[in-house]
Amino acid sequence: MRQSLKSPLVRRTPLATLAATLLLTPSTHAQSATTVRLGFFPNLTHAPALIGLERGTFHKAFGTAKLDAKQFVSGTTLTEAFAAGQIDIAYVGPGPAISAAAHGMPVQFLAGASEAGAVLVSRKDSGIKTYKDLAGKTVAVPSLGNTQDISLRHILKEQGLKSASDGGNVTIVPIPPADMLAAFAGKRADATLVPEPWGAVLEAQGNTVVGSEKTVWRDGKYPTTIVIVNVKFAEANPALVTAFFKAHTEAVAFLTKSPAAAQAAVNSQIEKLTGAKIDLRVLQRAFARTHFTTSLDLDALKEYAALNVEAGYARSAPDLAPFVRK
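Model, not experiment: these values are computed from the prediction.

Visitor: Can you help me understand unusual backbone geometry in this one?
Guide: Of all residues except glycine, most have a negative phi; of all peptide bonds, most are trans. Cis geometry marks the peptide bond from Glu-196 to Pro-197, where omega comes out at 10°. Tracing the sequence through the fold places Pro-197 in the loop between β8 (191–195) and α8 (198–204). With phi around 60°, Ala-116 is a residue other than glycine that occupies positive phi space. Along the chain, the position of Ala-116 falls in strand β4 (residues 107–116). Residue classification places Ala-116 among the buried residues on the basis of a relative accessible area of 5%. Backbone geometry at Lys-187 places phi at a positive 55°, although glycine is not the residue there. In this structure, Lys-187 sits in the loop between α7 (180–185) and β8.

Visitor: So what exactly am I meant to see when it comes to empty space enclosed by the protein here?
Guide: To locate leftover empty space, one rolls a probe as large as a water molecule over the atoms. Applying the stated rule across the entire model yields four cavities of 30 Å³ or more. One number sums up the size of the largest cavity: a volume of about 90 Å³. In terms of lining residues, the largest cavity is bounded by 17 residues, among which Phe-41, His-46, Asn-146, Gln-148 and Thr-224 are the most central. Of all the elements in the fold, those that place two or more residues in the lining of the largest cavity are α6 (147–158) and β10 (223–230). Taken together, the residues that form the lining of the largest cavity break down as six nonpolar, 11 polar and no charged.

Visitor: Which parts of the structure should I look at to understand the sheet that holds strand β9 (residues 208–211)?
Guide: The strands making up a sheet are joined through hydrogen bonds of the backbone, oriented either antiparallel or parallel. Strand order in the open sheet made by the five strands is β7-β6-β8-β5-β9, with mixed pairing throughout. The open sheet terminates on both sides in strands that have one partner only, identified here as β7 (171–174) and β9. The average undirected angle you get between the axes of adjacent strands in this sheet is 30°. Direction of pairing for strand β5 (residues 118–122) relative to β8: antiparallel, over a ladder of five bridges. Looking at β8, one finds that Ser-122 is bridged to Ala-191.

How each quantity is defined
- Residues numbered from 1 in each chain as written.
- Predicted model: local features only at pLDDT ≥ 70, side-chain atom pairs only at ≥ 80, totals over all residues.
- Heavy atoms only, no water.
- Helix = DSSP H or I, 4+ residues; strand = E, 2+ residues; numbered from the N terminus.
- Buried < 20%, exposed > 50% of the residue type's maximum accessible area, 1.4 Å probe, protein only.
- 1 Å grid on protein atoms, 1.4 Å probe; cavity = no way out; pocket = protein on both sides within 12 Å on 5 of 7 lines; lining within 4 Å.
- Points joined across faces, edges and corners; volume = space filled by probe spheres on them.
- Nonpolar A, V, L, I, M, F, W, Y, C, P; charged D, E, K, R; others polar.
- Pairing = 2+ DSSP bridges.
- Axes fitted to C-alpha atoms, helices over the stretch in contact; angles between N-to-C directions.

This is the structure in structure tokens:
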């Protein structure tokens, strides 16, 4: 995969500024923590988090320590909170996680969570049937700088297209996934690269899946969500990190071994968080496009780091091996 950056200027996000803040902030965990602050999204790609919350797995694992679970709409906003020292452990996409590492944040990659589980859907009256048809259109991603944004920019490059911000004619706009139904209805976006279950929800409304989870990148064999932990928190609270990893592993096992019960639990948690109850047949379709795992694919993460550079969100790809927690 070719790494190229035509301009010496790196595309800026608030993450770069906040990274410096975190490096200058003294640790608030000099002693064992009494609260674990967990970040996640209300998406199927974060299903291990949703299962852990719905079934009380995290609460049980932490013993006397309290769980403070905070939902976010994208990896960009979550890593901003991480940079500000507001999150200890988080489910996040590889793009923002790698950006955190590249900006020098005290972050470790703890485990994998999900693979694939993102599709490109076009509005039914948009005229978009192939990737090349994105020319001249407005495409939504959860946020600028997040994993889907980085993937979209790579898709555009492969098709000989560019975003408007890079001198092309594809306008990329940030819209939270759960708001995409309303955005399509209001014609605020012609298409979206969106994580599940929102892609399946849009498809059920008669919209078109232009790019499946397998055509987005690497034939579907790519991380969509991983788990990161603040190094300072991990060093001060190794028992809590171990307890979390065990609970996370149990959640992934439940998702793979008891799919029907897992789908019901995920649906219940999404409804609590977003107010949207998803038809189980639609959710089943979304599950079929998503793979859950605890493994970290370092080779795929390295390739994602190259895409981060290609998208203009970093000057160079960091060596990720030191960031993987042993």
